[in-house]
Amino acid sequence: MPSHTFADRPAPQPPERDAVEALISRTRRLRGDVDAVRRDTSVIEEDDPQVRWQRALCDLAVHQLDDLGEHLGQLKDGIPAQADDEPAGATAGNTTDVPRTGSLISRVGSAEWDLLTDEVSWSDELYQIFDRSPESGPLSLDELPSLLLAEDQPLLMSMVTDCLVDGRPIDGEFRILLPDGRMRTVHMMGEPVLDADGCTASMWAVLRDVSRLRHSQHLMSRTRDSLRRGQQIARTEHRMAVELQEAVLPPWRGSLSSPGRGPGALDTAAHYLPSESSNLIGGDWYDALQLPDGRTLLTVGDLTGHGIPATSAMAMLLGALRGMAMAGIEPGAVMGHLNQLIESSVQPVLGSAVCCRFDPATGTLAWAQAGHPAPLLFRNGVGRPLPAPDGVLLGAASAVSYEQDQVTLLPGDVLMLHTDGLTRQRDRSAGPDALLGLAPRFAQARTAQDCVRTVVEEFGGTERLDDACVLVARVGA
């Protein structure tokens, strides 16, 4: 039966694969166009600051398009497997400042440090990135590390040495502390500017504020890790719920015949049908139990919810029901005691159930129900539901009594007990009438197991919204 707390709602759908692949193709084409522009700027006079600026912006654009292509590829492939060598700091806390406004250009600045004259020139954008007043002037290469986090200072000094001493381009990232205590992440790309003799005369660099990008990556990493943990927990809980369900449901599978043969002997078969999402293990149960006095207990039930809470509550109720039946308590009284048990439990739930006791000596079926679909009786090729005695859902009210009724079963009769998930399907609303339509086929069946196979053939499709149980009892002719 559906949960009284949650309504069925469609699961969120991932992006269409074709749409993501189209975005990847467009990104690759754009990356190729930007790279072509970058190659064109490389053949122009390199001493022109405007050319260096354009080439640096093209380098940054290509870098970001490569990142975009990688992210889209991850989106197409789904959540990647956990890497054993993932950096420990990938999910560490981050207090990086996240600017609220500003275009890409406003977050990119340039600087040049002249080694011959000790002059330093900063663009206006660079002052904004460092949250520094232009009146304070630019920082020299000796002063710049003082704004960095202590653990990032060696990286900057190594980059500067590579550029000034070895004449190599630099490309790295570091974090700076602003005057108000905020932190920003800055990406720096630079190169040496050579004089006529081929010696390094100055260092020119482009610095970009990538705080928002790194903040987004941090959030993505946290979300990914949270999703992985949730998936692992869900898999573990599902496995435990399945193991608990298998441990609690009857040890027999398929069919169970009562002692003796001939008129009055009861042939019983049952089956559990999972939902469309096999991860939803609910609180459905079925049981057929031989009692000490020769009578037989027949029961099915359904509790709200899914997973371990539902299966553990089901285990508690089914165990109590079996014990009371073995003690000879009448079905109506059994329902009342189960209702009291749910009321006193730590995690109250709602549930429906039907409890029947068949006497093969007299053919009498005594039964009671708690907000559950009535048993279906099939006789001479015709099916009908039994008139239901009064009984509210288990856990719905306190101090209630459950009526009990009885009916006489004849040799050849077929009795079907089921949970309402059996007829709740996505593409059609089957209802009890569809089950009653199986009467002609039941009339041709030789065993209860044949009847169950017929039910599974008709209602065992993958479009089921909820899990279900069906139990069939056939009176021997």
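Residues numbered from 1 in each chain as written. Predicted model: local features only at pLDDT ≥ 70, side-chain atom pairs only at ≥ 80, totals over all residues. Heavy atoms only, no water.

**Re a negative patch on the surface**
Thought 1: Where like charges cluster on the molecular surface, the negative patch consists of D118, E119, D142 and E143.
Thought 2: Relative to the helices and strands, E119 is located in the loop between β1 (108-114) and β2 (120-122).
Thought 3: Here E119 falls in the exposed class, since its relative accessible area comes to 54%. (Patch = residues over 30% accessible without salt bridge, like charges linked within 9 Å, V, L, I, M, F, W, Y side chains within 5 Å. Areas by Shrake-Rupley, 256 points an atom, 1.4 Å probe, with all protein chains shown as cover. Salt bridge = Lys/Arg side-chain N within 4 Å of Asp/Glu carboxyl O. Lys, Arg positive; Asp, Glu negative; His and termini not counted. Charge placed at Lys NZ, Arg CZ, Asp CG, Glu CD. Helix = DSSP H or I, 4+ residues; strand = E, 2+ residues; numbered from the N terminus. Buried < 20%, exposed > 50% of the residue type's maximum accessible area, 1.4 Å probe, protein only.)

**Some points on the packing of aromatic side chains**
Thought 1: Evaluated as defined, the whole model comprises 3 aromatic pairs.
Thought 2: Taken together, a centroid distance of 5.1 Å and an interplanar angle of 35° make the contact between W122 and F130 tilted.
Thought 3: Put simply, the rings of W122, Y127 and F130 touch in pairs and so form one group of aromatic residues. (Phe/Tyr/Trp six-rings, centres within 6.5 Å; stacked < 30°, edge-to-face > 60°.)

**Here we look at the side chain of R184**
Thought 1: Secondary-structure assignment places R184 in strand β4 (residues 183-194).
Thought 2: Within the structure, the side chain of R184 is placed 2.7 Å from the backbone oxygen of I129, a separation counted as a polar contact. (Polar contact = N/O pair within 3.5 Å; in protein donor to acceptor, adjacent residues only side chain to side chain.)

**Some remarks on the sheet that holds strand β10 (residues 351-359)**
Thought 1: Judged by pairing direction, the sheet is antiparallel, and its 5 strands sit side by side in the order β8-β9-β10-β11-β14 without closing on themselves. The sheet terminates laterally at β8 (285-290) and β14 (405-408), the two strands that pair on one side only. The average undirected angle you get between the axes of adjacent strands in this sheet is 15°.
Thought 2: One ladder, built from 8 bridges, connects strand β9 (residues 296-303) with β10; its direction is antiparallel. Of the residues in β10, the one forming a bridge with D302 is S352.
Thought 3: In this fold helix α6 (residues 308-326) packs onto β8, β9 and β10, with an angle of close to 20° to the strand it touches most, β8. (Pairing = 2+ DSSP bridges. Axes fitted to C-alpha atoms, helices over the stretch in contact; angles between N-to-C directions. Contact = heavy atoms within 4.5 Å.)

Read these as geometric descriptors, not functional statements.
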